[in-house]
Amino acid sequence: MASDIGFSVSCNIRATVAPPIPQAAQWAQKFTPTSSVPLLDMSQGVPGILPPPSFFESLTEVSRCADSVKYGSIAGDLLLRSALVSEMKVVYGKQIDVEADDISLTSGRNMAFLAAIMSLCDPGDEVILPVPWYFNHQMSLTMLGIQPIPLMTSPEDGFVPFVQLCSTLITERTKAIALVTPNNPTGAIYPPSVLASFAQLAKERGIALILDETYRDFITSGPPHNLFDLHAENGSSWRSHIIHLFSFSKSYCIPGHRLGTIIASPTLQQHIRTVLDSMQICAPRPVQLALAPLLPSFRPFIRSTAEALKARHDLFKACLPQPWSIGAQGGYFAFVRHPFQGIGAKEVCKTLAEQWGIVLLPAEFFGSSVSGHGDQWVRFAVANVSDENVQMVCGRLKEHLAATKWNTVG
């Protein structure tokens, strides 16, 4: 392609895949929606509801404050970091050993991942990612010249990774294992025992376990794990081998305000904050000031949102027409096998978007072609549509099954 720039672009950037969401949006632009047949977008993991009115009231109020337009602490405002510790004790239990000094606030969770990786890795190092992987993690590694090492998962195991297989992938260049649970894209919720085994592996092999728990508040069955407990793992501290990432975008329904966290040893935080000072100086101030006094009041809202999302997953499972089949679901997502013989998932998604007004992402966008499952699986973002729209999506899938000339399995 002809270029209008007279200089070269980074080799690592050129090797990085283009953002997938805009590609799906291009497909969607070819569909002509009507009032009775609207576009149904289940491509991106965005909240389907707004935060409580108290957030907007607080944001309006703090925006009048001089502090909202000033630089803040590189680590983030202490009031919000302290409030987050209290909220973590609600999620994981009062016994956890986490303090405000363990926390840095970032301009979104993707920034948190980048800062953690830049603090750990040099070009040529390796980070192990379960496949299917969150594409922004793979993109971040590639643009930094760091090699993502695929850890294969399978639908037979609900896309939960095996620690024994992971151990065979560790080399002298491995710096970290990065897990996302509940997972993006599969929705798989990794059991506490699995997380404990990965934490132990990281400790034994002298590497970091990066644990991205953006969707943790949508686990309704109990605490996600006990890795933060003071006496977990035979009395050893999680700080020696765990880096925890979190986002306010999903639980608090504020993705546009870009606020995330890195929770790690204060020793590592010194290096992370060097990165953050160079990349952001400080996380956005208005949202920090607005949220700090509100976190406890958000808890009923978060709980009710999680319960509603669980019910929506149940509705989706009940309405999904056979032979479409769910491989895993949880958090914001369901990972679903399409039933069409000899048709790639990307072609399925393109056709459904352009002709049927259903916008989805193929597993190819999440590295699944590496594992041989890329042509079968599709990600549905269940969270960002209403119950009514879930039923409409499933109804259109059923209509497509009746109308298509593609051969189906089952």
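In case you missed it, the structure is sitting above this.
In short, a report on the structure. Within each chain, residue numbers correspond to sequence positions counted from 1 in written order. Confidence filtering applies because this is a predicted model: local features only for residues at pLDDT of at least 70, side-chain atom pairs given and counted only at 80 or more, and all residues used for totals across whole chains, interfaces and linings. Based on all heavy atoms of the structure, the side-chain values leave hydrogens and waters out of the count.

Okay, the pairing of strand 13 (residues 377-381) next. With 5 of 5 residues buried, strand 13 is to be regarded as a mostly interior element. For each residue, the accessible area found with a 1.4 Å probe, counting protein chains only, is set against the maximum for its type, and the residue is called buried under 20%, exposed over 50%, and partly exposed in between. Segments assigned H or I by DSSP are reported as helices when at least four residues long, segments assigned E as strands when at least two residues long, and all are numbered from the N terminus. Both faces of strand 13 are covered, namely the face carrying Trp 377, Arg 379 and Ala 381 and the face carrying Val 378 and Phe 380. The pairing criterion for strands is at least two bridges between them, as found by DSSP. With 5 bridges connecting them, strand 10 (residues 333-337) and strand 13 associate as antiparallel partners. In the strand pairing of strand 13, Arg 337 is matched with Trp 377. Pairing of strand 12 (residues 361-362) with strand 13, which is carried by 2 bridges, proceeds in the antiparallel orientation. Bridge pairing links Pro 362 to Val 378 in strand 13.

Turning our eyes to something else, we now look at the sheet that holds strand 9 (residues 325-330). Paired through their backbone hydrogen bonds, the strands of a sheet run either parallel or antiparallel. Pairing within the open sheet is antiparallel, and its 4 strands lie in the order 9-10-13-12. The sheet is open, and its two borders are formed by strand 9 and strand 12, each paired with just one other strand. Note: strand 9 against strand 10, 5 bridges, orientation antiparallel. For Ser 325, the partnering residue across the bridge sits in strand 10 and is Arg 337.

Turning next to unusual backbone geometry. Omega for the bond connecting Val 131 with Pro 132 falls within 30 degrees of zero, at 5°, which places this linkage in the cis form. With respect to the secondary-structure elements, Pro 132 resides in the loop between strand 3 (126-131) and helix 6 (135-143). Residue Pro 323 follows Gln 322 across a cis peptide bond; omega there is 5°. Following the sequence through the fold, Pro 323 ends up in the loop between helix 12 (295-319) and strand 9. If you check the backbone angles, Cys 253 has positive phi at about 60° while not being a glycine. Among the structural elements, Cys 253 can be located in the loop between helix 9 (248-251) and strand 8 (260-263). Its relative accessible area of 7% is what places Cys 253 among the buried residues.

On the basis of which strands lie adjacent, the open sheet formed by 7 strands has the order 2-8-7-6-5-3-4 and mixed pairing. Among the strands making up the open sheet, the edge pair consists of strand 2 (103-106) and strand 4 (147-152). Strand-to-strand, the axes of this sheet are offset by a mean angle of 25°, without reference to chain direction. Note that strand 3 and strand 4 share 6 bridges and pair parallel. Paired with Leu 129 across the bridge in strand 4 is Pro 150. Contacts: residue pairs with any heavy atoms within 4.5 Å of one another. Comment: axis = line fitted to C-alpha atoms, over the contacting stretch for helices; angle = value between 0 and 180 degrees taken between N-to-C directions. Together, strand 2, strand 7 (242-247) and strand 8 form the strand contacts of helix 10 (residues 266-279), whose direction differs from that of strand 2 by roughly 15°.

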